[in-house]
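# Coordinate analysis (summary)
Each chain, letter by letter, is given below.
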Amino acid sequence: GVPVLLHVIFYRSAAAPPSSNFLLLGSSGAGKTAFTSLLEAKSSPASKKSHLTHTSQSSTLVTVGLPPDVPTASNRYRSVNDPSLKETSRNPVRYRVQDTPGHGKLRASQGISQLQAMSHSNDAKIKLRGVLFMVDTAALVDETTLRDSATYLHDVLLILQKRALNKGKSSAKVATEVPVLVAANKQDLFTALPPGSVREKLEAEIDRIRKSKTKGLLDASAGSGVETEDDEVLGNDGGLERFSFKLLEEEVGIKVDVVGGAVKGDPNEELGSGVRRWEEWVGLCL
Ligand code: GDP
């Protein structure tokens with residue numbers, strides 16, 4: 001599949017910082033366009049517009065809101081009588097969702113370069129709060145799809161790792177790292193892998209990618225007298241241990257959660273109930 005980039009910008013109108021940005025990344029066919037269309041439909045039920053046809057080459061930008069009953073990090077301890085909670089239901093947390101189509105391999109490089117720009121920016125307007133990395137959990141049984149997704153995720157995590165480690169060296173150390181949600185989509189399909197196996201498969205594949213990368217770096221530095229930098233290897237452990245998301249959290253401080261969901265859920269259920277847990281993840285980043 002061809003990786004596609006969607007650029008998700010969340011911003012709060014009231015108490016929270018003026019803008020909270022999330023990037024939505026993942027291989028083509030994972031369900032990113034369907035997800036942004038769903039968010040849009042959920043936040044403006046009156047206009048019932050469907051954007052599910054995604055043949056346009058031009059970029060689309062939509063504004064959506066987080067459901068008022070989804071807690072955010074800043075309001076999760078508020079009482080139900082708190083007037084600011086009423087304010088939130090009148091004036092929900094808004095996201096600006098940008099779908100940025102591209103051609104072929106350009107899509108992945110667009111996603112990566114967008115991530116690089118956002119993750120290194122000090123501008124509050126484009127401060128990155130989190131990365132949503134979507135996978136099609138029914139397609140991951142296919143080796144090529146798995147390799148494609150894992151390679152993309154590996155590259156995304158390596159960028160976030162470099163950012164985290166560089167920051168540690170500078171004097172202006174910021175405590176928060178950019179968390180990653182692996183949105184394990186299409187859980188409605190009976191062929192879908194459960195989130196636990198999605199996690200295992202991605203970890204095992206990233207481990208393989210890491211091994212061959214470490215070998216490449218060693219070969220390149222052999223006889224040159226140049227030591228291999230640990231931070232070039234995802235996990236920052238020089239590739240000594242078996243890769244896991246836990247290792248990444250312990251060594252680098254980057255948290256990766258794998259959470260199941262379905263953009264196209266049970267038609268009998270409430271619109272968007274299949275993405276609720278991803279919205280909760282988003283809320284806790286705000
Ligand atoms: P993108 O390339 O990541 O933007 O993927 P799309 O949003 O175009 O989705 C690819 C296909 O997967 C479309 O046919 C969607 O209708 C379908 N799809 C998306 N989410 C789900 C889901 O949760 N379950 C099922 N069964 N199909 C889905």
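Residues numbered from 1 in each chain as written. Predicted model: local features only at pLDDT ≥ 70, side-chain atom pairs only at ≥ 80, totals over all residues. Heavy atoms only, no water.

## A word on the confidence of the model for the protein chain
Here the protein chain averages 77 in pLDDT, and 67% of its residues register 70 or above. No element of the protein chain has a lower mean pLDDT than strand β1 (residues 5-11), at 53, and none a higher one than strand β7 (residues 256-260), at 98. With pLDDT under 50 throughout, residues 11-18 is counted as low confidence; its partners more than four residues away or in other chains account for 18 contacts. This stretch, residues 47-59, has a pLDDT under 50; its non-local contacts, to residues over four places away or in other chains, come to 17 contacts. (pLDDT = per-residue confidence, 0-100. Helix = DSSP H or I, 4+ residues; strand = E, 2+ residues; numbered from the N terminus. Contact = heavy atoms within 4.5 Å.)

## Some words on the site of the ligand
Gly29, Lys32, Thr33, Ala34 and Asp188 are the nearest of the 15 residues found near the ligand. In this structure, Ala34 approaches the ligand through a main-chain N or O atom, which is 2.7 Å from an oxygen atom. Between the ligand and Asn185 there is a distance of 3.0 Å, counted from an oxygen atom to a side-chain nitrogen or oxygen. When the ligand is considered free in solution it has 590 Å² of accessible area, and contact with the protein chains removes 74% of it. (Near = heavy atom within 4 Å. Polar contact = N/O pair within 3.5 Å; in protein donor to acceptor, adjacent residues only side chain to side chain. Areas by Shrake-Rupley, 256 points an atom, 1.4 Å probe, with all protein chains shown as cover.)

## Thoughts on unusual backbone geometry
In this structure, Lys186 is a non-glycine residue whose phi angle is positive, near 70°. You can see Lys186 is positioned in the loop between β6 (180-185) and α5 (195-221). Located in the positive-phi region is Asn236, a residue other than glycine, with phi close to 55°. Note that Asn236 resides in the loop between α5 and α6 (245-252).

## Remarks on the environment of Ala139
By the element assignment, Ala139 lies in the loop between β5 (128-136) and α4 (143-169). Taking the C-alpha atoms as reference, Ala139 lies 9.2 Å from Gly29; in sequence the two are 110 residues apart.

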